[in-house]
Every structure is written in structure tokens, then in C-alpha cells.
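Residue-level structure breakdown
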Amino acid sequence: GIAPRRFGLHRAALLLLLLAGAARADELDFRPPASPTDPATAEIMRDLAVRVLPVYQDKDPLRFLSTVSALQMAARNYTAATVTRRTLRERRRGGNAGRPAREVFFDVYAQARAVEGEQRLAFATSLSRAYAANVAPLDDHDAYAVTALLDAPPASYADALQGAFDRQRSRDAIGQEEAVALIWTYLDYDAHRSMAPLAASLEAAEEQRRYVSEKPLQLRVTGGGALSVRVVRPRQAGKPLPALLEFNIDPSRDFTRENAAHGYAGVVAYVRGRFKGQGAVVPYQFDGADARRVIDWIVRQPWSDGRVGMFGDRYSGFAAWAALERRPAALQAVATAMPTAPGIDAPMAGNVFQNSAFRWSLYVTQREPDADRRFYDDALWRALDQKWYRSGRRYRDLGLLYGTPNPLFIRWLNHPSYDDFWQRMIPYRAQFARIDIPVLTISGYFAGSQPAALYYFNEHLRHDPKARHTLLIGPYDDAAIQRGALPTLQGYAVDAAALLDLRELRYQWFDHVLKGGAAPAVL
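These remarks concern the structure in this document. (Residues numbered from 1 in each chain as written. Predicted model: local features only at pLDDT ≥ 70, side-chain atom pairs only at ≥ 80, totals over all residues. Heavy atoms only, no water.)

1. Considerations on the overall build of the protein chain
For the protein chain, the count of helices and strands is 23 helices and 15 strands. Dimensions of the protein chain along its principal axes, counting C-alpha atoms only, are 90 × 65 × 50 Å. Within the span of the protein chain, comprising 523 residues, buried residues form 49% of the whole. Sequence separation of 24 or more characterises 68% of the internal contacts of the protein chain that already satisfy a separation of 6 or more. Taking the average location of the 66 positive side-chain charges in the protein chain and that of its 57 negative ones, the two points are 2 Å from each other. (Helix = DSSP H or I, 4+ residues; strand = E, 2+ residues; numbered from the N terminus. Buried < 20%, exposed > 50% of the residue type's maximum accessible area, 1.4 Å probe, protein only. Contact = heavy atoms within 4.5 Å. Lys, Arg positive; Asp, Glu negative; His and termini not counted. Charge placed at Lys NZ, Arg CZ, Asp CG, Glu CD.)

Here is the structure:
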């Protein structure tokens, strides 16, 4: 009775040992470098790629070719990678390959490195040739997607690679699947790091070939100020186009080329006094009338077909609603994401003023040389909050305690409830009923601006139950429309169904409303 049990135990132990050996056979010895910038990183990743290449398998032929090309690039065999990627392109032509941006990006990089080595050219020269060969044949839409990838900051890819190294650091071996993922992360960093210094010159030549980019002009407005307005439109349009307008307060924001790449005349206008405009900066109060002034100017231009869509997030989202307070006939569609509603969620929420409003109002109205540095100095503003709290002074004395008068903030404080001062800035009550055009509102569960988005949506439907207003709300924060949806947000694992390209979705919606395209399925 004892021997069979012992045999069974031995057999079980042997099976476990064999399984453990099989698991180890699938792994490779690997110790990650200290950082992406470590001088040994390229050689360590080359060595890993060389060892994975002979054993890598995948039943999906497209994924197999793509991964093999990545392994070849990491192994610095760029000529072989170029051949593999050419085969991959030929295979893709027979099916629905989707948007080519990432594939084209790596086609450019592999070719540039291959030519650099084969012909002993400077990388700048080989990259320029590879970029022209791969991007020039694309339409504006797909070419813009490639340039958007090229514009992505290398620091973000360095952070992703550092995180991948750190997660691997506690182990001395790596599985094949993890090794492939790590090599792709490394290539993202390596390609962006290499091409970033040359991106501006590559894009400038492409932009000149594809677009008419007009110099900013001064557009006079009632009251003596002037708006700075800029237009970019497709060079080969061949006919007047609908325009997409963003009316903003942030001079760093300009989506005109992105608009043009999607087949629209892209227009950006900045509030009076901002960027190259003239006059005092007065947030909220004049933006509705000023935006309507821009729309009236747009429809008189020879490149305009007489239709305008407005879009934006946060402040520019508010500005679109401000224009709707008295809708111009030419304004045919509005798409906002995470919009602000003055008097509803800023500068107060629930009639409780926010100290951040003091900080922001100084930033946009003052022209101090170090305005950016002071605005982003959180310690400075925390110290002001504490100083005010300990002082026992009136809330209105924040400016005195800070040392800089802020008449705009005082003006806001003089209207602590949702009175006529705020009501005149955006549609109010019955004015919502007169908004008879399609409206898209995007917001997020984690967005601080969510109350404003829901205010616009609920008021529109309250005063017109048949309003053509679509609300998309999901696991997003205020930055989602700019940065993109995140797979993990504030500790929450976001379902893949919600990982939408929200900016692209917005263009699809405009195409549906202004060009007769299909409505996006998710809407």
C-alpha cells in the first residue's frame, strides 16, 4: 500500500518539475538597463531582440511580419526590417488595414536607418528622403495622422520605457510575449527620440505642399478691440468648404491644420487682447458677440461655402455656447467637450467661489514676463490660500494679500448668484429652445467640468424636448479630448469599449452633419 503512494508522489513531483522547466524554457535571461538613456540600453535591447527572433512564432501573418520587423529594427538590421515591412504593406493592401499612421511611422524610420547605413548618409538626409517617399502619397487625413505621431513628445515614450524597465527589474528572466512588448516600447522611444529634432522641418515642407496657411489677421470688434484670427485650408480643395471655428483664450491652441487635414477650412480666433489681438482681456463677457463677428467674416470669404461648425473644450467649449445665445444662421453645428459654463461651474460652483478663479483670471489678464512660471507654481498659490486663511481678512482682499490688484475677480465677486450678469453670457431659459441645430457634448465621469456639460444638455432638452443634442459621457477626465482616453484613470481600469479617439469621433460627427457622412456608430 505504501509503494504505489510513493510512486504517485514521485510522479507528481516529476510532472511539476517538467512543467517548471517548460515555463523556464519559454523565458530568456534578461536584466533591464537602469534607464532609457543608459549607454548600455541599445546593446541590451539588441541582444534581447537577437535572441527572440529565431524562436518567435505567431499564427496571424500580419502580426508576425510586424513583430519580426520590430525585432529586426531593435537588432539594428534595418535593411531586413525594410524588406519585412514592404512585405507587410503588400499583404495589408488586400484587407482593411485601418488608418496607416503607426505603420507608416515605422516604415519611415526603418527606411531612414537602412539608407543611413547602406549609403553612409547623414540621418537627417536619409530621414527626409524616407519621409517624402512614404508620406507624400497619402491623402491629407492620413498624412496628418503620421505628423501627429511625429509631434508626440519623446519624454512620454521615455517614461513608458522607464516604467517597463522598472516592472521587469525584480526578475532575471522575461517571457517571449513580454519581451516583444518591451521591444515595441523601446522602439517607440528610440524612433521618437531620433526623429523629434527633425520633425519641424519635415512637417513645414509637407504643410506648405498640402495647405494654404494664412498669416494671422486683425478683425475689429465692437468696443474698439481686435481679434487675432488665423485660417488654414486644404490647397487642393477645388471648391468652397465648410469651416470649423474654435474661439479660444489660450494662444498655444491651434487645430487649424488638423481641421484642414479633415477637409475643412480651419479657423482659430482668440479673445480680444490675447495672442496678437488688441484691447483689454475680459473673459466671458464679449465672447458670444465676438464669435458671431468671426462667423459673419468667415461666410464672406471666397473659400467658405456659408456653413460654420464650432468646437472646443473648456473655455472654447463655453465660447461655442456663447455664440448660440443668438445663433447666426451660418452656425450649423456645435461640438464641445468638457465645456465651461460661467456662473455655473466657474468662477464659482453652487455659488461657492473657487480660489483657482483668482489665479486663472490674473494669468489671462496680466502681461507679466513670468506669467507662465507664476501660474504653474502651485506652492505660490497654496501659500496665498494659507496666508488669507490665517489673516482673517475678507475674501475680496486676496488681491491685496497677493500684492497685485485683480479688478476682474472683484467684478465676479459682485455677482455671487446666477444673476443677469452671468445669464447674458450663454443661452438662458427660452433661448435654449431656439437652438435648432445638431449639438454634440462630450464629458467624463472624472471631469471637473461635468456640471457645466450636464447643465447645457439638461437645459437644452428641458426647453426643447426634441432638441438634436447628443451627450457622450464616459470614463474620461478634462484632458481626454486633448491627450486621449487612458486605459487606467485614477485607479480605474477603463473598458476597451470606452477607449475611443474622441477627437476623431468629433470629426466623424461633423462629417455626418455637414457633409452627409454616416453617423458614428457609438453615437
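2. Concerning helix α21 (residues 450-463)
Here α21 is 14 residues long and its end C-alpha atoms lie 20 Å apart, about the 20 Å a rise of 1.5 Å per residue gives. Along its buried surface, α21 packs onto α13 (315-324), β9 (331-339), α20 (430-433), β12 (439-444) and β13 (469-474). (Expected span 1.5 Å × (residues − 1).)

3. Comments concerning the pairing of strand β6 (residues 241-248)
A regular strand carries its side chains on alternate faces of the sheet. When you tally the buried positions in β6, you get 8 out of 8 residues, the bulk of the element. Of the pairings in the sheet, the one linking β6 to strand β8 (residues 304-314) comprises 4 bridges and is parallel in character. Each bridged residue has a counterpart across the sheet, and for Leu244 the counterpart in β8 is Gly309. Where β6 meets strand β7 (residues 265-270), 6 bridges bridge the pair, whose relative direction is parallel. (Pairing = 2+ DSSP bridges.)

4. Re the packing of helix α5 (residues 101-119) against helix α7 (residues 140-151)
Put simply, α5 and α7 touch, their axes get as near as 8 Å, and they point 65 degrees apart. Between α5 and α7, the interaxial angle falls into the category roughly perpendicular. Crossing of α5 against α7: the hand is right-handed. For the pair α5 and α7, contact is made by Ala101, Arg102, Val104 and Phe105 and by Ala145, Val146, Leu149 and Leu150, respectively. Classifying every residue of the contact of α5 with α7 by side-chain character gives 7 nonpolar, no polar and 1 charged. (Axes fitted to C-alpha atoms, helices over the stretch in contact; angles between N-to-C directions. Parallel < 35°, antiparallel > 145°, perpendicular 65-115°, else oblique. Left-handed = near helix turned anticlockwise from the far one by under 90°. Nonpolar A, V, L, I, M, F, W, Y, C, P; charged D, E, K, R; others polar.)

5. Concerning the packing of helix α8 (residues 154-168) against helix α9 (residues 176-195)
It is the contact of α8 with α9, at a shortest axis distance of 9 Å, that shows an interaxial angle of 155 degrees. By the angle class used here, α8 and α9 are roughly antiparallel. For α8 against α9, the interelement crossing comes out left-handed. Every residue of α9 that contacts α8 at Pro154, Tyr157, Ala158, Ala160, Leu161, Ala164 and Phe165 is listed here: Leu182, Thr185, Tyr186, Asp188, Tyr189, His192 and Arg193. Here the contact of α8 with α9 is composed, by residue class, of 10 nonpolar, 2 polar and 2 charged.

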